[in-house]
Amino acid sequence: MAVLAPLIALVYSVPRLSRWLARPYYLLSALLSVAFLLVRKLPPLCNSLPTQREDGNPCDFDWREVEILMFLSAIVMMKNRRSMFLMTCKPPLYMGPEYIKYFNDKTIDEELERDKRVTWIVEFFANWSNDCQSFAPIYADLSLKYNCTGLNFGKVDVGRYTDVSTRYKVSTSPLTKQLPTLILFQGGKEVMRRPQIDKKGRAVSWTFSEENVIREFNLNELYQRAKKLSKAGDNIPEEQPVASTPTEVPDGESKKDK
């Protein structure tokens, strides 16, 4: 039964098999699964392995291994029918084009307070979260479409900077399902976040799709207002020369704005 469940999942997923195998991490998962079975069942290899079986046969699964494999098989069947193997590798992190600024535990507060005219949308993520990895290309695409002088996109790894998760009340526990979390900052203050958190500290179910983010955060309206702010900052009267000293530049204005 421990091996039968993954085989059933494999048969169920045959129509999509060719598309998945085109990705190297799925192929590596298949090789790891086959290697595990060969080492545990092939006599020349398995004879040297320790075993807890009463008959002392190292080439058969003992009771402990059977329990673990049964548990993993149930997870594969219930949580992700597309998963075909017991041992899988995580998909690679998104490495495509984006217009996102990455923060650490010190720079996030400084940047939010630097120019309060700028609206920020910040993603709180962790590299080990599959949901964060799935949302990464969507968030990158949104940054390419909507980023401008008055509307910026940022990210901070709360899995690495735990102090940030505490300050902004974003739990990294898989049980709360708060990763990823998007927070909209205006004037340096939090205005809204998705997903919302209930009284028990758990995230309210919310789909991180491009359409939902655009609708919930009013990105089209924010973008238009940010563009107007940018144009207003560029219209400098001719009789007022552009300041060449830092003291004459408006407070909080970046080098890019100047």
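Definitions and limits used
- Residues numbered from 1 in each chain as written.
- Predicted model: local features only at pLDDT ≥ 70, side-chain atom pairs only at ≥ 80, totals over all residues.
- Heavy atoms only, no water.
- UniProt positions renumbered as here; feature names shortened; annotations may be inferred.
- Helix = DSSP H or I, 4+ residues; strand = E, 2+ residues; numbered from the N terminus.
- Buried < 20%, exposed > 50% of the residue type's maximum accessible area, 1.4 Å probe, protein only.
- Contact = heavy atoms within 4.5 Å.
- Areas by Shrake-Rupley, 256 points an atom, 1.4 Å probe, with all protein chains shown as cover.
- Core = buried A, V, L, I, M, F, W, Y, C linked by side-chain atoms within 4.5 Å.
- Phe/Tyr/Trp six-rings, centres within 6.5 Å; stacked < 30°, edge-to-face > 60°.
- Salt bridge = Lys/Arg side-chain N within 4 Å of Asp/Glu carboxyl O.

For the chain, the name recorded in an unreviewed UniProt entry is Thioredoxin-related transmembrane protein 2, with Ailuropoda melanoleuca as its organism. As stated in UniProt under Subcellular location (unreviewed entry), the record for the chain gives "Mitochondrion membrane".

## Focus on the overall build of the chain
Looking only at helices and strands, the chain features 10 helices and five strands. Every one of the 258 residues in the chain was classed for burial, and the buried ones make up 36%. In the chain, 64% of the contacts between residues at least 6 apart in sequence involve partners at least 24 apart. Just so you have it, the chain exposes about 16,600 Å², and 57% of that area is on carbon and sulfur atoms.

## Comments concerning the nonpolar core
Counting residues in hydrophobic clusters, the biggest one holds 20 residues, and the most contacted among them are Ile 121, Leu 151, Phe 153, Leu 182, Val 213, Phe 217 and Leu 219. Where this core is concerned, the elements lending two or more residues are α7 (130-146), β3 (151-157), β4 (181-186), α9 (210-216) and α10 (219-234). Element by element, the count of residues in this core is highest for α7, at four residues. Excluding anything up to four places from it in sequence, Leu 151 contacts Thr 119, Ile 121, Tyr 146, Leu 222, Tyr 223 and Ala 226.

## Brief notes about the packing of aromatic side chains
Applying the stated rule across the entire model yields eight aromatic pairs. Geometrically, the ring pair formed by Phe 135 and Tyr 139 is tilted, given 5.7 Å between the ring centres and 35° between the ring planes. With a gap of four residues between them, Phe 135 and Tyr 139 both fall in helix α7, about one helical turn apart. Like Tyr 139, Phe 135 is buried.

## As for the pattern of salt bridges
All told, the structure shown has 12 salt bridges when counted by the stated rule. One salt bridge in this structure joins Glu 210 and Lys 145, with 2.6 Å as the shortest N-O distance. Of the two residues, Glu 210 is situated in helix α9 and Lys 145 in helix α7; the sequence distance between them amounts to 65 residues. Several salt bridges converge on common partners, so that one network encompasses Lys 101, Glu 111 and Arg 114.

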